[in-house]
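Commentary on secondary and tertiary structure
One-letter residues, chain by chain:
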Protein chains: 2
Amino acid sequence: MPESQTNSGADLHLVLSGTGLRAGLTDALRDAVRSGRLTPGSRLPASRALAADLGVSRSTVTESYAELVAEGWLTARQGSGTRVARRATAAVQPPRRPTPRPAEALMPGASDFASFPRAPWLAAARRALDSAPHGAFGYGDPLGRPELRTALADYLSRVRGVSSDPGRIVICSGFHHGLSLIAHALKARGGRAVAVEAYGLDLYRALLADAGLEVPLIPVDEHGARVGELRDVAAVLLTPAHQFPTGFALSAERRAAVLDWARTTGGLILEDDYDGEFRYDRKPVGALQGLDPDRVVYFGTASKSIAPALRVAWMVTPGPLLPDVAAAKGRVETVSVLDQLTLAEFITSGAFDRHVRGRRQTYRRRREQLIAALGRAAPEVRVTGMAAGLQAVLELPPGTEEPALRAAARRGLKISSLAEFRHDAMSDRDALVVNFSAVSDSAWDGTLDALAEVLRATHTTSV
Amino acid sequence: MPESQTNSGADLHLVLSGTGLRAGLTDALRDAVRSGRLTPGSRLPASRALAADLGVSRSTVTESYAELVAEGWLTARQGSGTRVARRATAAVQPPRRPTPRPAEALMPGASDFASFPRAPWLAAARRALDSAPHGAFGYGDPLGRPELRTALADYLSRVRGVSSDPGRIVICSGFHHGLSLIAHALKARGGRAVAVEAYGLDLYRALLADAGLEVPLIPVDEHGARVGELRDVAAVLLTPAHQFPTGFALSAERRAAVLDWARTTGGLILEDDYDGEFRYDRKPVGALQGLDPDRVVYFGTASKSIAPALRVAWMVTPGPLLPDVAAAKGRVETVSVLDQLTLAEFITSGAFDRHVRGRRQTYRRRREQLIAALGRAAPEVRVTGMAAGLQAVLELPPGTEEPALRAAARRGLKISSLAEFRHDAMSDRDALVVNFSAVSDSAWDGTLDALAEVLRATHTTSV
């Protein structure tokens, strides 16, 4: 429960409670207004300042602000920041957790949940339930069901060039779970530090730190992580196929260099292949793991290719690491056996390939539409990164990021700034991360129009 | 990887590796025979001695022995113990992990997996998938889907007298997961020790110890745990409705006493209601939690009522504990959202009640048949514990436990001794724990006959 006493803008002491950071912040702000601690007309801290103060992401703050603006507690006006609404204290008490207003989430991590393949999934579930041996309904192998591990070994070899046998595949409830297993295994072997890319999700860096590991950063450029700068770490966490979120692939030279590093130092490469299925211009380069299965732990997930709701992911570990990973995973399976059986059937029946192919076409088209729309509405915005994955980076003219984020929030668009994913909290450029996979087909055209309009207006206003 | 140098029987240095204790032990023993370190005719350590030496359960050893007997590496003969077979070194190399021979598992933890309600479950899955909002396919609330938490709050109140609102229910992947969340929450609040009943599963005691807690034992008698002996602990883990595995309920006096203890000391009661749905003679007494929701954490699971394969369990926590539990659970949901939605639909549609009612009738009948069969075949065996749950305790005449276990293993019956569940490893009586829910309907009659025959023969031989 972080406490904050910020000095910029309103004098704002907040105690966040509850389980959702954003909901907790929204509640705390609403209470502050309602109780009169924040007086009508007073200015709230800049989102960047409050975020830093509370140790939360800036989008958490901007979303809280936007929600309270929508509820009428706050007002946001160009040039005057966010303020407590004049009528706020007289308002009737809204429910503590109001139904969120419609908003289109374009932050990374969201996905087009409407695309969940309900009918093929259910058909696979029926076949899996029909054919499962009775014993399958028990506690199960803590490392995962053999059916799924076998299906994945074939699939990963075919599609990602992963070298694997089912015995080295471990099923986990998400990349987060898999990474925590590896973190504990590395600690158990005396590992001290795991390097991470300078851009990425706080969540994973925090996980490694919580496991007692140092987490030094390696810089990232348009050739991916600068792996030549690796020093004295037990492992490095990389997104080689498509750096998250900057969107570049690890170059061939650096692929070779990091494998050399691993062989020379005995270090381990943790390959997060979160969106390896989604490359639009050509066949994606194979997994690093295929080049040296003894030095790479490969991570894949169904969260991007199907849906996070499955809570199924997988990793392929070097044989010698397996006992430590198994010890970390414990003696009890934690991943739904039914989902494992269904996913195995979904893969082996070809339904998974069909589903991924369909999503790939959709996402390729959306990315092209995004580039075209921005070219028309805001030609000074540059879309960077490869033709791949579920999000694009929009490089903005200097000084326009903050107004663009504000304008987007007013339009009900939830967008992240690139700086939110920069671990050292230094923003070297104005840039947004737009997850073009995150809205449903029916909402896409309108969302794209709104986004183009936001960026056109921002440019017109600020230039 | 425990190393053992046992002094009873053969000189036996074993290094266990791999992920399954039993498989690892079987492999190590087979290698020892194959390599000649164990010579033909030599006697193996008594299972009790080797189990103590390796720190594994005795059933692990007896099952390993039985498997190697079945493979022909070892021989077991009444009165001469287990020995290396004469022909062992000349044998062809068997596969390292042979297909297990057919065996009827009567140990606690197994269940009648054939009873999984495939058709109703699939129907619920279809309805859940049809009606789920798009947003349900995302990462989800780390504490669990609201649909399931709401369904459980109603169900637990109706069936177990649990006082709950959905906001205090936390979905977890099993009791093991829920207990680990509480262990971490208790540690975070400075808790030092959690008492456990002197009989129970090693797994849970080890989990608490791994979390850095002391785990003192409280004795158990026919009135349940002797809670009057609680001293200086932050919490106590109890199975009040049906002590596992001895089979007695916590008496009304002790229920009152432990609630008094909790109120007086600020201690917490961890109520493991693992089989609360299964009472055969009368309506089960309600959950302790209903009497003081602020001092009791209630745990329930789908593992006994439906199947472990779901990997879904739940706990109801006192409000003040919720933030610490949420922090321990982390920011990412780990339990299949699809299974949560399906289980919610399964419960609210009444399918869960129907399924439980059917299983209850089956298990009640089996328990009665078990008592009747033993009364005929081995009247000196006493079945103790309440008419409840999924297993019964069979009290044997002194000195007959070891021969009974050996005879059962020869017949392909996997049975546990009561002593395996006694944490202080002191065996004060000869007794078996028989899980009468663990075999399929089609195998039940034959299994019961075999068990009766084993006990009849044991008695005839040893008396």
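In this text the structure is predicted, and so the values were computed from the model without any measurement.

**Thoughts on the sheet that holds strand S6 (residues 169-172) of chain B**
Residues and elements named next belong to chain B. The sheet built from seven strands is open, its strands ordered S6-S14-S13-S12-S11-S7-S8 with mixed pairing. Here the strands that pair on one side only, and so sit at the sheet edges, are S6 and strand S8 (217-218). As judged from the four bridges shared by strand S12 (residues 268-272) and strand S13 (residues 296-301), these two strands associate in the parallel manner. Across the sheet, isoleucine 269 pairs through a bridge with valine 296, a residue of S13. Where helix H6 (residues 175-188) meets the sheet, it contacts S6, strand S7 (194-197), strand S11 (235-238), S12, S13 and strand S14 (313-316), and its direction lies at approximately 160 degrees from that of S13.

**Description of the side chain of arginine 145 of chain B**
All names here are of chain B. Position of arginine 145 among the secondary structure elements: in the loop between helix H4 (118-131) and helix H5 (146-160). We classify arginine 145 as buried; its relative accessible area is 11%. Excluding residues within four positions of it along the chain, arginine 145 makes contact with Pro133, Gly135, Ala136, Val337, Gln340 and Leu341.

**Describing the interface of chain B and chain A**
Tallying the contact residues gives 42 residues for chain B and 42 residues for chain A. Summing both partners gives a buried area of about 3800 Å² for chain B against chain A, and 68% of it is carried by carbon and sulfur. For the interface between chain B and chain A, the tally reads zero salt bridges. Connecting chain B to chain A are 18 residue pairs in polar contact (both at pLDDT 80 or more). Of all the secondary-structure elements, those providing two or more residues to the side of chain B that touches chain A are H4, helix H9 (302-305), helix H10 (322-329) and helix H11 (337-348) of chain B. Broken down by class, the residue content of the side of chain B that touches chain A amounts to 24 nonpolar, 10 polar and eight charged.

**Brief notes about the relation of the copies chain B and chain A**
Rotating chain B by 180 degrees about the axis while translating it 0.1 Å along that axis superimposes it on chain A, leaving an RMSD of 0.2 Å. Taken together, the rotation angle and the small translation identify this as a two-fold axis. Nearest to the rotation axis, the C-alpha of serine 336 of chain B is located 3.1 Å from it, this being the minimum over chain B.

**So, the pattern of salt bridges**
Tallied over the full model, the rule gives 46 salt bridges over all chains. Notably, a salt bridge pairs aspartate 441 of chain A with arginine 366 of chain A, separated by 2.6 Å at the nearest N-O pair. Separated by 75 residues along the polypeptide, aspartate 441 of chain A in helix H14 (residues 441-462) and arginine 366 of chain A in helix H12 (residues 351-377) bring together distant segments of the chain. A residue is classified by how much of its surface remains accessible, and aspartate 441 of chain A, at 45% relative accessible area, is partly exposed. For arginine 366 of chain A, a relative accessible area of 0% translates into the label buried. Residue aspartate 165 of chain B is joined to arginine 168 of chain B by a salt bridge in which the shortest nitrogen-to-oxygen separation is 3.5 Å. When its relative accessible area of 36% is taken as the criterion, aspartate 165 of chain B is described as partly exposed. Connected through shared salt-bridge partners, Arg58, Glu401, Glu402 and Arg406 of chain A make up one network.

**Some words on the sheet that holds strand S15 (residues 382-384) of chain A**
All names here are of chain A. Ordered by their spatial adjacency, four strands build an open sheet running S15-S16-S19-S18, and the pairing between neighbours is antiparallel. Each edge of the sheet is formed by a strand with only one pairing partner; in this case those strands are S15 and strand S18 (416-417). Where S18 lies against strand S19 (residues 431-435), two bridges are found, and the strand directions are antiparallel. The partner of serine 417 across the bridge, within S19, is leucine 432. Strands in contact with H12 are S15, strand S16 (391-395) and S19; relative to S16, the strand with the most contacts, it is inclined by about 20 degrees. The strands touched by helix H13 (residues 401-410) are S18 and S19; relative to S19, the strand with the most contacts, the crossing angle is about 35 degrees.

**Points about the packing of aromatic side chains**
A full pass over the atoms with the stated rule returns 20 aromatic pairs over all chains. Three or more aromatic residues joined by ring pairs form one cluster here, namely Phe116, Trp121, Tyr155, Phe346 and Phe352 of chain A together with Phe137 of chain B.

**Structural notes on the packing of helix H6 (residues 175-188) of chain A against helix H7 (residues 202-210) of chain A**
All names here are of chain A. Where H6 contacts H7, the axes come no closer than 9 Å and their chain directions differ by 25 degrees. Considered as vectors, H6 and H7 are oriented roughly parallel to each other. Seen along the crossing, H6 lies across H7 with a hand that is right-handed. Taking contact as the criterion, the partners of Phe175, His176, Leu179, Ser180 and Ala183 in H6 are, on H7, Leu203, Tyr204, Leu207 and Leu208.

**With respect to the packing of helix H4 (residues 118-131) of chain A against H4 of chain B**
For the pair H4 of chain A and H4 of chain B, interaxial distance at closest approach is 11 Å and the crossing angle is 170 degrees. One finds that H4 of chain A runs roughly antiparallel with respect to H4 of chain B. Seen from H4 of chain A, the contacting residues are Arg118, Trp121, Leu122, Ala125, Arg126, Leu129 and Asp130 of chain A; seen from H4 of chain B, they are Arg118, Trp121, Leu122, Ala125, Arg126, Leu129 and Asp130 of chain B. Considering only residue class, the contact of H4 of chain A with H4 of chain B consists of eight nonpolar, no polar and six charged.

**Some words on unusual backbone geometry**
The step from phenylalanine 244 of chain A to proline 245 of chain A runs through a cis peptide bond, and the omega angle for that step is 0 degrees. Here aspartate 232 of chain A, not a glycine, exhibits a phi torsion of approximately 55 degrees, which is positive. Positionally, aspartate 232 of chain A belongs in the loop between strand S10 (224-225) and strand S11 (235-238). The phi dihedral of arginine 311 of chain B falls on the positive side, at around 55 degrees, and the residue is not glycine. Here arginine 311 of chain B shows up in the loop between H9 and S14. By relative accessible area, arginine 311 of chain B is classed as buried at 3%.

**Points about H6 of chain A**
With 14 residues, H6 of chain A should cover 20 Å at 1.5 Å per step; its first-to-last C-alpha distance of 20 Å lies within 8% of that length. At the exit of H6 of chain A stands glycine 190 of chain A, carrying a positive phi of roughly 85 degrees.

**Concerning helix H7 (residues 202-210) of chain B**
Residues and elements named next belong to chain B. Of all the residues in H7, the buried ones are Leu203, Tyr204, Leu207 and Leu208. Looking straight down H7, one finds its buried side chains confined to an arc of 135 degrees; they lie on one side. At its buried positions, H7 is contacted by H6, S7 and S11. One or two positions beyond H7, positive phi appears at glycine 212, with a value near 90 degrees.

About the criteria used
- Residues numbered from 1 in each chain as written.
- Chains lettered and ligands numbered in written order.
- Predicted model: local features only at pLDDT ≥ 70, side-chain atom pairs only at ≥ 80, totals over all residues.
- Heavy atoms only, no water.
- Pairing = 2+ DSSP bridges.
- Helix = DSSP H or I, 4+ residues; strand = E, 2+ residues; numbered from the N terminus.
- Contact = heavy atoms within 4.5 Å.
- Axes fitted to C-alpha atoms, helices over the stretch in contact; angles between N-to-C directions.
- Buried < 20%, exposed > 50% of the residue type's maximum accessible area, 1.4 Å probe, protein only.
- Buried area = accessible area lost by both parts, 1.4 Å probe.
- Salt bridge = Lys/Arg side-chain N within 4 Å of Asp/Glu carboxyl O.
- Polar contact = N/O pair within 3.5 Å; in protein donor to acceptor, adjacent residues only side chain to side chain.
- Nonpolar A, V, L, I, M, F, W, Y, C, P; charged D, E, K, R; others polar.
- Least-squares fit on C-alpha atoms with pLDDT ≥ 70 in both.
- Phe/Tyr/Trp six-rings, centres within 6.5 Å; stacked < 30°, edge-to-face > 60°.
- Parallel < 35°, antiparallel > 145°, perpendicular 65-115°, else oblique.
- Left-handed = near helix turned anticlockwise from the far one by under 90°.
- Expected span 1.5 Å × (residues − 1).
- Arc of directions from axis to C-beta.

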